[in-house]
Amino acid sequence: MTDAQQQAAILAGALPYLRRYAGDTIVVKYGGHAMGEGRLADAFGHDIALLKLVGVNPIVVHGGGPQISSMLERLKLRSEFIDGLRVTDQSMVDVIEMVLSGSVNKQVAELINRAGALAVGISGKDGGLIMARKLVRTRRDPDSEIEKVIDLGFVGEPEKIDPRVLYALLGSGLIPVIAPVGVGADGETYNINADTAAGAIAGAVHATRLLMLTDVPGVLDEHGQVIEELTAEEAYRLIREGQITGGMIPKVETCLQAVRAGAKAAVILDGRVPHTCLLELFTRAGPGTLITA
C-alpha cells in the first residue's frame, strides 16, 4: 500500500469517531512533559487545531509549574510545598498570575494558532469564569492528635464556574485557552491547581470528555498494566484498597468530580505519547483509562 493509500485508509477509519464527537465539547488539561518538550508541544497544537477543524469544540486548561518555579528562582523567591501544593503569599501570587496568565497562556494559544486554528488565551478571572475560595487543608499533629489548619496563602479551589465567556468564544469559532487563576469574593487572586480547574470546567460545560494529559500511561492494575475503563464505583474501591496511590489519587478524584458535575466521561492519558488526544478520540487504540459514572 502506498503512503497516500495508507493516509486515506486512516482517514476512512476515523470517520465513525469524527461523527461521534462532531459538535461536542472536549476539555483538555495540558501540562507535564507534553508541555515542556518542543516536539510534543507542536504536536499538541496541531491536534487541538485539528479537533476544531473537524467540528469538535476543544477547551484547553493549562498548568505551568516548571515555568513558575523558574521565574520564582530568578526573582529569588523561595517556594515551599505542602502536600504537593505551593504555599502562595501575596508577592508570589502576583508572579504566578503573571506567568500563568501571561507568557505561558499566550505560548499555548500560539501553538494552536500556528497550526491553523484560532485560539484566545484567558484566565479564570476573565468574565468571572472561575469564582474561587481559599483552599483549606488540615494535618493531624502526631503528638496531640489534633487537626491543625494549614495556611496555604492564596491557593484556591473553584467555588462556581460561569461558562458564559466560554460559550461566547466557542460560538465565535474560537478555542479558549485558560490559565487556572480564579477570583475570590473580595477580588483577591487565587492560584488553582490546573487539574482541579479543568475538572470543574468540564463539569460545568457538560463536556463529552475531559482529557487529562499526565506523565503516566493511565491507572495501572496490580500487574502494571493500564486499566482501560473504570466506573466511579470501581475507582473508589481501588482507592480504598490501596491500588490507586500517591499522585494518581487526586487525578482520579478530579475525574470523578467532573463526571459527577456533568461531564460524560474523563480519561487519564499519557501526554508523553505524540498525538495522544487523537489516539484517544479517533481510534480504537484509546491509550488511557476511561472513567465514567
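Quantities reported herein were computed from a predicted structural model and do not represent experimental measurements.

Between helix 7 (residues 194–204) and helix 9 (residues 248–261), the least distance of the axes is 7 Å, while the angle of their chain directions is 15 degrees. In this view, helix 7 runs roughly parallel relative to helix 9, as classed from their interaxial angle. Taken as a pair, helix 7 and helix 9 cross one another with a handedness that is right-handed. For the pair formed by helix 7 and helix 9, the contact residues are Asp195, Thr196, Gly199, Ala202 and Gly203 on the first element and Lys251, Thr254, Ala258 and Ala261 on the second. Its residues assigned to classes, the contact of helix 7 with helix 9 comprises three nonpolar, four polar and two charged.

Attention now goes to the nonpolar core. If you look at the biggest cluster of nonpolar residues, it comprises 44 residues, and the most contacted ones within it are Tyr30, Ile112, Leu211, Leu213 and Phe282. Of the residues forming this core, the biggest block, ten residues, is contributed by helix 5 (residues 90–114). Here Leu211 is in contact with Ile26, Val27, Val28, Lys29, Val267, Leu269, Cys277, Glu280 and Leu281, once residues within four sequence places are set aside. Counting residues in each nonpolar core, the second largest holds 41 residues, with Val27, Leu129, Leu238 and Met248 among its members.

Our next topic: the sheet that holds strand 16 (residues 289–292). The strand order across the open sheet formed by eight strands is 5-10-2-1-13-15-16-14, and the pairing between neighbours is mixed. Each edge of the sheet is formed by a strand with only one pairing partner; in this case those strands are strand 5 (119–123) and strand 14 (229–231). Recorded for the sheet is a direction-independent mean angle of 20 degrees between the axes of neighbouring strands. Of the strands in this sheet, strand 1 (25–30), strand 2 (57–62), strand 5 and strand 10 (175–179) touch helix 5, which is tilted by about 155 degrees from strand 10. Contacting strand 1, strand 2, strand 10 and strand 13 (209–214), helix 7 crosses the sheet at an angle of about 175 degrees to strand 1.

The next subject is helix 9. When the terminal C-alpha atoms of helix 9 are compared, their 20 Å separation across 14 residues agrees well with the 20 Å that a helix rising 1.5 Å per residue should span. Taken as a whole, helix 9 has its buried residues at Met248, Val252, Thr254, Cys255, Leu256, Ala258 and Val259. In this fold, the buried residues of helix 9 make contact with helix 7, strand 13, helix 8 (232–240), strand 15 (266–270) and strand 16. Gly262 sits one or two residues past helix 9 and shows a positive phi near 140 degrees.

So, about the pattern of salt bridges. The final tally for this structure, using the stated rule, is ten salt bridges. Linking Asp151 and Lys134 is a salt bridge whose minimum nitrogen-to-oxygen distance equals 2.9 Å. Taken together, the positions of Asp151 in the loop between strand 8 (147–150) and strand 9 (155–161) and Lys134 in strand 6 (residues 130–134) put the pair 17 residues apart, joining distant regions of the chain. By relative accessible area, Asp151 is classed as exposed at 54%. The network of salt bridges with common partners includes Lys29, Asp195 and Lys251.

Between helix 8 and helix 9, whose axes approach to 11 Å, the crossing angle comes to 155 degrees. Taken together, the axes of helix 8 and helix 9 are roughly antiparallel relative to one another. Note on packing geometry: the crossing formed by helix 8 with helix 9 is left-handed. On helix 9, the residues that touch Ala232, Ala235, Tyr236 and Ile239 of helix 8 are Val252, Glu253, Leu256 and Arg260. Considering only residue class, the contact of helix 8 with helix 9 consists of six nonpolar, no polar and two charged.

Okay, unusual backbone geometry next. Even without being a glycine, Lys76 presents a positive backbone phi close to 60 degrees. Considering the arrangement of structural elements, one finds Lys76 in the loop between helix 4 (65–74) and strand 3 (81–82). Of note in this structure, His275 is not a glycine but carries a positive phi near 60 degrees. Looking at the secondary structure, you find His275 in the loop between strand 15 and helix 10 (276–282). According to the relative accessible area criterion, His275 is partly exposed, its value standing at 36%.

With that settled, consider the packing of aromatic side chains. To describe a pair of aromatic rings, one takes the distance between the centres and the angle between the planes. Tallying each qualifying case throughout the model produces three aromatic pairs. On the numbers, 6.4 Å between centres and 65 degrees between planes, the contact of Tyr21 with Phe282 is edge-to-face. With Tyr21 in helix 1 (residues 3–21) and Phe282 in helix 10, this residue pair connects regions lying 261 residues apart in the sequence. Seen from their ring centres, Phe154 and Tyr190 are 6.2 Å apart, and the 45 degrees between their planes marks the pair as tilted. With Phe154 in the loop between strand 8 and strand 9 and Tyr190 in strand 12 (residues 189–192), the pair connects residues that are 36 residues apart, well separated along the chain. Residue classification places Tyr190 among the buried residues on the basis of a relative accessible area of 7%.

Rules used throughout
Residue indices begin from 1 for each chain and proceed along its sequence in written order. Local features in a predicted model are, by the rule used here, given only for residues with pLDDT of at least 70; side-chain atom pairs are given and counted only at 80 or more, and totals for whole chains, interfaces and linings are based on all residues. The basis for every side-chain value is the complete set of heavy atoms in the structure, and neither hydrogens nor water enter the calculation. Orientation is described by lines fitted to C-alpha atoms, with helices fitted over the stretch in contact, and by angles between N-to-C directions that extend from 0 to 180 degrees. The helix and strand labels rest on DSSP assignments: H or I over at least four residues marks a helix, E over at least two residues marks a strand, and numbering proceeds from the N terminus. Working rule for angles: under 35 degrees goes down as roughly parallel, over 145 as roughly antiparallel, 65 to 115 as roughly perpendicular, anything else as oblique. It is the rotation of the near helix from the far one that decides the hand of a crossing: anticlockwise by less than a right angle makes it left-handed, clockwise makes it right-handed. Working rule for contacts: check all heavy atoms of both residues, and any pair within 4.5 Å makes them a contact. Residue polarity is assigned by list, with Asp, Glu, Lys and Arg as charged and Ala, Val, Leu, Ile, Met, Phe, Trp, Tyr, Cys and Pro as nonpolar; anything else, Gly included, falls into the polar class. To form a nonpolar core, buried Ala, Val, Leu, Ile, Met, Phe, Trp, Tyr and Cys residues must be joined to one another through side-chain atoms within 4.5 Å. Each residue's exposure class comes from its accessible area (1.4 Å probe, protein chains only) as a fraction of the maximum for that residue type: buried when under 20%, exposed when over 50%, partly exposed otherwise. DSSP calls a pair of strands paired once it identifies at least 2 bridges connecting them. Any helix carries an expected span of 1.5 Å times its number of residues minus one. We define a salt bridge as a contact between a side-chain nitrogen of Lys or Arg and a carboxyl oxygen of Asp or Glu at a distance within 4 Å. To pair, rings of Phe, Tyr and Trp, with the six-membered ring standing in for Trp, must have centres within 6.5 Å; the planes then decide the type, stacked if under 30 degrees apart, edge-to-face if over 60, and tilted in the middle.

Any functional reading would require information beyond the geometric quantities listed.
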